Amino acid sequence: MKTGRWILGGARVALGAAESARFDLAVEAGRIASLETARDGARLDLGGSLILPGLINAHDHLQYSLYPRLGRGPYPDAESWARAIYRPAEPPISEQRRIPISTRLRWGAVRNLLGGCTTVAHHDPYRRTFTRDFPLRVPKLGWAHSLEFTDSVGREYRRTPRRRPFVIHFAEAAAPRESDRLERLAREGALSDRTVLVHGVALTAEDLALAAARRASLVWCPSSNHFILGASLGRAALSSGLRIALGTDSALSGAADLLEEIRTAARAPVSPERLYAMVTRDAAAILRLPKGAGSIVQGGPADLVVVPDRGGTPAEELLELDA
Ligand SMILES: [Zn+2]
């Protein structure tokens, strides 16, 4: 809704994981214009609905969204998995590569929108197509693939503007390895409160303490971790005090959508309230998104998900959702 003023009326509006209220929401030029009862504007009656903030998928590779899962794990680490599945001359990789990347990226957008996501952290080169009526917000990030596949992580970190996070696949292995020690990142000058470690399954207690001391963050992709490694973050990581966001990872290994990922993560166990934060407020903070992202606030983006209202808290309702 980029033009005109719309009143989304009659719905319950999520104001936090456990907080909601019933009021009319005025939306104008893609932003929340007002949280008070509004009268002027085209009215859309959403009685019986709950309005949630658009969800944030903190890790995906949008161009792989048409793939089935590939591989027969578990593997000891992501590199072993990547070597096992990489058959570029054979289907499905040979077939998929014939489809223009802009089309494959749009399929990634559709897959995420159907799962309630309006913002996705895309862990690959930023494409011009993201600026051309792309139906998702794809924030610009500093990123490196991983220590293994990057010449100089320190250089990539230093190239990242200070207002952006620096995101890297890290410790995607079933058990700790010397090559995954977080000191390596610290030595490269790439470990700070802007550093976002994707996966982190093989981080040791010492690494987790170092990450917490530097106020780095984690992105957790439990479905992908279980598929590739047969393991994911345990209690030590989940209770380390690190800020954590949830991501699907690519369709090659991950969940069908973020809603499935939320249900998978809940079994860790993690409370509905914390999961809600992982796909809204905490994800917005980790990805350094503009003010108001991940919540419904006046002046914030009107990135909204409208779902049937079954009467639970916003966090409980989110856990019940199925695309
Ligand atoms: Zn990834």
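Residues numbered from 1 in each chain as written. Predicted model: local features only at pLDDT ≥ 70, side-chain atom pairs only at ≥ 80, totals over all residues. Heavy atoms only, no water.

**Details of the pattern of salt bridges**
Moving on, step 1. Overall, the coordinates contain 16 salt bridges when judged by the stated rule.
Moving on, step 2. In this structure, Asp24 and Arg43 form a salt bridge, with 3.0 Å as the shortest nitrogen-oxygen distance. Of this pair, Asp24 sits in the loop between strand 3 (20-22) and strand 4 (25-28) while Arg43 sits in strand 6 (residues 42-45), and the two are 19 residues apart along the sequence.
Moving on, step 3. Take Arg43: its relative accessible area is 48%, and that puts it in the partly exposed class. (Salt bridge = Lys/Arg side-chain N within 4 Å of Asp/Glu carboxyl O. Helix = DSSP H or I, 4+ residues; strand = E, 2+ residues; numbered from the N terminus. Buried < 20%, exposed > 50% of the residue type's maximum accessible area, 1.4 Å probe, protein only.)

**Looking at the side chain of Asp207**
Moving on, step 1. Among the structural elements, Asp207 can be located in helix 6 (residues 205-213).
Moving on, step 2. Filtering out sequence-adjacent residues up to four positions away, Asp207 remains in contact with Asp180, Arg181 and Leu182. (Contact = heavy atoms within 4.5 Å.)

**What to know about the packing of aromatic side chains**
Moving on, step 1. Applying the stated criterion across every chain, the model contains 4 aromatic pairs.
Moving on, step 2. Geometrically, the ring pair formed by Tyr64 and Tyr67 is edge-to-face, given 5.9 Å between the ring centres and 75° between the ring planes.
Moving on, step 3. For Tyr67, a relative accessible area of 8% gives the class buried.
Moving on, step 4. In this arrangement the basic side chain of Lys140 is found over the ring face of Tyr126, its NZ or CZ atom lying 5.1 Å from the centre. (Phe/Tyr/Trp six-rings, centres within 6.5 Å; stacked < 30°, edge-to-face > 60°. Lys NZ or Arg CZ within 6 Å of the ring centre and 35° of its normal.)

**Some points on the coordination of the zinc ion**
Moving on, step 1. Ligation of the zinc ion by protein atoms is provided by His59 (NE2), His61 (NE2) and His169 (NE2), these donors lying 2.1 to 2.2 Å from the ion.
Moving on, step 2. In terms of primary sequence, the donors binding the zinc ion are separated according to H-x1-H-x107-H. Summarising the burial analysis for this pair, His59 and His61 share the class buried. (Donors = N, O, S within 2.8 Å, 3.2 Å for Na, K, Ca; no water.)

**Considerations on the domain arrangement of the chain**
Moving on, step 1. Domain assignment breaks the chain into domain 1 (5-53 + 296-320) and domain 2 (55-286).
Moving on, step 2. On a C-alpha basis, the centroid separation for the pair domain 1 and domain 2 is 29 Å.
Moving on, step 3. Across the contact, 14 residues belong to domain 1 and 15 residues belong to domain 2.
Moving on, step 4. For the pair domain 1 and domain 2, the summed buried surface comes to about 1,200 Å²; carbon and sulfur atoms form 70% of the total. (Domains from an automatic or database assignment. Buried area = accessible area lost by both parts, 1.4 Å probe.)

**Here's the deal with the sheet that holds strand 15 (residues 304-308)**
Moving on, step 1. Sheet architecture is open: 4 strands sit in the order 3-2-7-15, paired in mixed fashion. At either margin of the open sheet sits one strand with a lone partner, and together these are strand 3 and strand 15. Ignoring strand direction, the axes of neighbouring strands in this sheet form an average angle of 25°.
Moving on, step 2. The pairing of strand 2 (residues 12-14) with strand 7 (residues 49-53) spans 2 bridges and is parallel. Paired with Arg12 across the strands is Leu50, a residue of strand 7. (Pairing = 2+ DSSP bridges. Axes fitted to C-alpha atoms, helices over the stretch in contact; angles between N-to-C directions.)

**Remarks on the sheet that holds strand 4**
Moving on, step 1. Spatially, 5-4-1-6 is the arrangement adopted by the 4 strands of the open sheet, whose pairing is mixed. Single-partner strands in this sheet number two, and they are strand 5 (31-34) and strand 6. On average, each strand axis in the sheet is tilted by 35° relative to the strand beside it, whichever way the strands run.
Moving on, step 2. Relative to strand 5, strand 4 is paired through 3 bridges, and the arrangement is antiparallel. Bridge pairing in strand 5 places Ala26 opposite Ser34.

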